Amino acid sequence: MRRKKKHKLFIIIFLFKRIRVEANLLARKFLLTNPQAFVYIISIIIGLTGGISAVILKNLVSFTEELIYHRNGISYSNYWIIFLPAIGILLTVMYIKFFVKENISHGVEKVLAAISKNKSRINIKNTYSSIVSSSLTVGFGGSSGLEAPIVYTGAAIGANVADKFNLPIKLRTLFIACGCSAAVAGIFKAPIAAIIFSLEVIMIDLSMWSIIPILISATTGALVSYFFLGDDISFYFAVFEPFDKSKIPFYILLGIICGFYAVYFIKFSRYIEKRFAQKKNIYLKAIIGGLSVGILIFIFPPLFGEGYIGIQHLMSDKPNVIIENSLFNSWKDNNLFLILFLLSILFIKVIASSFTTASGGIGGVFGPALFTGGVLGYIFEKIITKLSLIKLSEHNFTLVGMAGVMAGIMHAPITSIFLIAEITGGYSLLFPLIITATTAYLVKYRFDKYSVYTYHLKKENQMITHNKDKEAILRMNINNLIERDFIVVKSTMKLVDFIKEIIPKSNRNLFIVEDDNGDYLGVIQLDEIMGLLLDKEKYEGLEVKDIVTPSSAVINSLKGDNEAIFNLFDTYDVWYLPVVKNKKYLGMLSKSKLLQKYRKLIIDFSED
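Residues numbered from 1 in each chain as written. Predicted model: local features only at pLDDT ≥ 70, side-chain atom pairs only at ≥ 80, totals over all residues. Heavy atoms only, no water.

(A) How the structure looks around the overall build of the protein chain. Summing up its helical and strand segments, the protein chain has 24 helices and five strands in all. Counting over 608 residues, the protein chain shows a buried share of 53%. For the protein chain, long-range pairs separated by at least 24 residues make up 76% of all intrachain contacts whose partners lie at least 6 apart in sequence. Carbon and sulfur atoms make up 61% of the accessible area of the protein chain, which amounts to about 28,400 Å² in all. (Helix = DSSP H or I, 4+ residues; strand = E, 2+ residues; numbered from the N terminus. Buried < 20%, exposed > 50% of the residue type's maximum accessible area, 1.4 Å probe, protein only. Contact = heavy atoms within 4.5 Å. Areas by Shrake-Rupley, 256 points an atom, 1.4 Å probe, with all protein chains shown as cover.)

(B) Summary view of the packing of helix H13 (residues 335-358) against helix H14 (residues 366-386). At their nearest, the axes of H13 and H14 sit 10 Å apart, and the two run at 155° to each other. Compared by their axis directions, H13 and H14 come out roughly antiparallel. For the element pair H13 and H14, the recorded crossing hand is left-handed. Residue-level inspection shows Asn335, Leu338, Ile339, Leu342, Leu343, Ile345, Leu346, Lys349 and Ser353 of H13 in contact with H14, the latter providing Pro368, Phe371, Thr372, Val375, Leu376, Tyr378, Ile379, Lys382, Ile383 and Lys386. A class-by-class count of the residues in the contact of H13 with H14 yields 13 nonpolar, three polar and three charged. (Axes fitted to C-alpha atoms, helices over the stretch in contact; angles between N-to-C directions. Parallel < 35°, antiparallel > 145°, perpendicular 65-115°, else oblique. Left-handed = near helix turned anticlockwise from the far one by under 90°. Nonpolar A, V, L, I, M, F, W, Y, C, P; charged D, E, K, R; others polar.)

(C) Structural context of empty space enclosed by the protein. For the structure on display, the rule yields one cavity of 30 Å³ or more. Every residue lining the largest cavity is counted, 23 residues in all, and those nearest its centre are His106, Glu273, Thr357, Val365 and Val452. Taken together, the residues of the lining of the largest cavity sort by class into 10 nonpolar, 10 polar and three charged. (1 Å grid on protein atoms, 1.4 Å probe; cavity = no way out; pocket = protein on both sides within 12 Å on 5 of 7 lines; lining within 4 Å. Points joined across faces, edges and corners; volume = space filled by probe spheres on them.)

(D) Just the pairing of strand S4 (residues 576-581), in detail. Pairing analysis gives six bridges linking S4 to strand S5 (residues 584-590), with the strands arranged antiparallel. Looking across to S5, one finds that Val579 is bridged to Gly587. Hairpin connection from S4 to S5: two residues lie between these consecutive antiparallel strands, with Asn582 at a positive phi of about 55°. (Pairing = 2+ DSSP bridges.)

(E) Layout of unusual backbone geometry. Phi is positive for Lys101, which is not a glycine, with a value near 60°. Along the chain, Lys101 turns up in the loop between helix H3 (80-100) and helix H4 (107-117). Residue His106 is not a glycine yet carries a positive backbone phi of 55°. Position of His106 relative to the elements: it lies in the loop between H3 and H4.

(F) A look at the side chain of Lys247. Within the secondary structure, Lys247 sits in the loop between helix H9 (208-229) and helix H10 (248-277). Judged by relative accessible area, which is 12%, Lys247 ranks as buried. Contacts of Lys247, omitting those with residues within four sequence positions, involve Ile390, Lys391 and Leu392.

(G) Region of interest: the pattern of salt bridges. Tallying each qualifying case throughout the model produces 14 salt bridges. Across the pair Arg508 and Asp485 runs a salt bridge whose closest N-O atoms are separated by 3.2 Å. Taken together, the residues span a long stretch of sequence, with Arg508 in the loop between helix H20 (495-502) and strand S2 (510-514) and Asp485 in the loop between helix H19 (468-475) and strand S1 (488-490) at a distance of 23 residues. Look at Asp485 and you get partly exposed, because its relative accessible area is 49%. Between Lys591 and Asp570 there is a salt bridge, with its nearest N and O atoms 3.3 Å apart. Of this pair, Lys591 sits in helix H24 (residues 591-606) while Asp570 is found in helix H23 (residues 562-572), placing the two residues 21 residues apart along the sequence. With a relative accessible area of 15%, Lys591 lands in the buried category. (Salt bridge = Lys/Arg side-chain N within 4 Å of Asp/Glu carboxyl O.)

(H) Just the state of the cysteines, in detail. Enumeration over the complete set of coordinates arrives at zero disulfides. The cysteine Cys180 is free of any disulfide, with Cys178 supplying the nearest cysteine sulfur at 9.3 Å. Judged by its relative accessible area of 0%, Cys180 falls in the buried class. (Disulfide = S-S within 2.5 Å.)

(I) Structural detail: the side chain of Arg270. Looking at the element boundaries, Arg270 is found in helix H10. For Arg270, a relative accessible area of 15% gives the class buried. Excluding residues within four positions of it along the chain, Arg270 makes contact with Asp448, Tyr450, Ser451 and Tyr455.

(J) Just the sheet that holds strand S3 (residues 520-525), in detail. Strand order in the open sheet formed by three strands is S1-S2-S3, and the pairing between neighbours is mixed. Lying at the two open borders of the sheet, with one neighbouring strand each, are S1 and S3. Averaged over all pairs of adjacent strands, the angle between their axes in this sheet comes to 35°, without regard to strand direction. Relative to S3, S2 runs antiparallel, the two sharing five bridges. Looking at the pairing, Glu514 lines up with Tyr520 of S3.

(K) Looking closely at the pairing of S2. With five of five residues buried, S2 is to be regarded as a mostly interior element. Residues Leu510, Ile512 and Glu514 point to one face of S2 and Phe511 and Val513 to the other, with burial holding for every one of them. Where S1 meets S2, three bridges bridge the pair, whose relative direction is parallel. Across the sheet, residue Val488 finds its bridge partner in S2, namely Ile512. Regarding topology, H20 serves as the crossover connection from S1 to the parallel S2, and that connection is right-handed. Counting the residues in the hairpin turn of S2 and S3 gives five residues, including Gly518, whose phi is positive at 85°. (Right-handed = clockwise from strand over helix to strand, strands pointing away.)

Spatial relationships are all this shows, so hold off on functional conclusions.
Written as structure tokens, this is what we have:
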């Protein structure tokens, strides 16, 4: 009986595998016969999956908050709130260590790194790992956003769908962008902003070949979110007052302030992250960071989670509600104290957010950027109005401030413009959004040229770009282009022996010379010593070291900037450069091979 069951199970497994193989073969055949339709169908699938992932994450965070806080009657004034963020971050760290077993923080940065250095491949575990980990972090109160984790999830979905069909890197990259767009559209119900996010932040080239699949995925993701979440859970505001052209100088001034605040946000975040990176004990980091976040939330409750509820309070008719449930509840009717309270939150939110992620929590800066931008815009309007300079719209400046800070921190002005335009239900704020977001971005770029996503990538020479030339050079795996079939000779070898024994064995005119210790000395090029070789009397008694030519330059590391290696060839006008590590010869790099690879990549990127 047991044998029959095993036999049936074997047949079922065999049939399942066979069906999967046949399905893949049919899909590959469909790809070859009708590639455009294939891409569009996969875009819909990715859009559905990405949208559902966003819905799951939103609901999982809400469920976690409900389970931990509301069912137990824990309010912001309860001392338990000091410890709960630490518990959430500690659980996140343990989940990553024992189940995920790889670093999944800085989700958007991980996506960019996968595109630039890992041939657009992402581990299949990342299709769910960020959902679980960020729900633990944010659900327990961690002061962070959900957008970066869901972007990483969407990217992983796109990459792994492409892997299932063994698609080339160009389609894998496109489907990563589709997944990112679907995820962002699912979170915000903002498909246009989601598309622009993929083009502006994920660095996908703008072409009809790429825009249509991304559009399909983004729209599908947004529709899925609308279907499951409805309008009530949507992060939505309405524009109350039309754009007034006389307020343009104030929008410019707000953009300048947003730019400087973005500089502070980025610099301080990097500092905290650097300090936490020096601590090796991951559990100690989680406890220190989590308790610090808990204490800050206990004092300033709007720092809890993503912070969007705080923005909704500011946009309501009773903005002072944001002070309720805090230690300063008795001051809530004092408008001057409200400004001081919000100013404190504005600068402390950076600390809370940085502590959350630097200590091991999973989240992003998308949410904190929108939250602090809204607070900054609200404060700006109140100060200008209190000074009786002019009456401004608190709703408009709150929303425009969100776009300004987001543009500065993420270096994504177009994404921020259209995101705020979409979530406000219209485009009447388009001109102020453009003015403030562009100004903030220019100010931030003047003092710090790298966004929150590209700083570490630049340090590790992994930053991708819209420039096809630089993109092709960056994506090269130069280590695979090293030629190792050059003959190596010792410097003490007699030249006579070199001519008789070595030269006839080689089909190259370049030879590598080492000393007796195996250290690299230089090269011998036959065309440069041909005159000497034709006159036996001249080379009689000479050794190889007498004719070796030291290299004008060597490549000491292949982990450096690929563009710098290209520049070496141009600077010294050579066709070969030796790769040397600790004085030991590893191989030869050919300019012609580099150019061949570069040309192939350019062709791949340029196909439409």
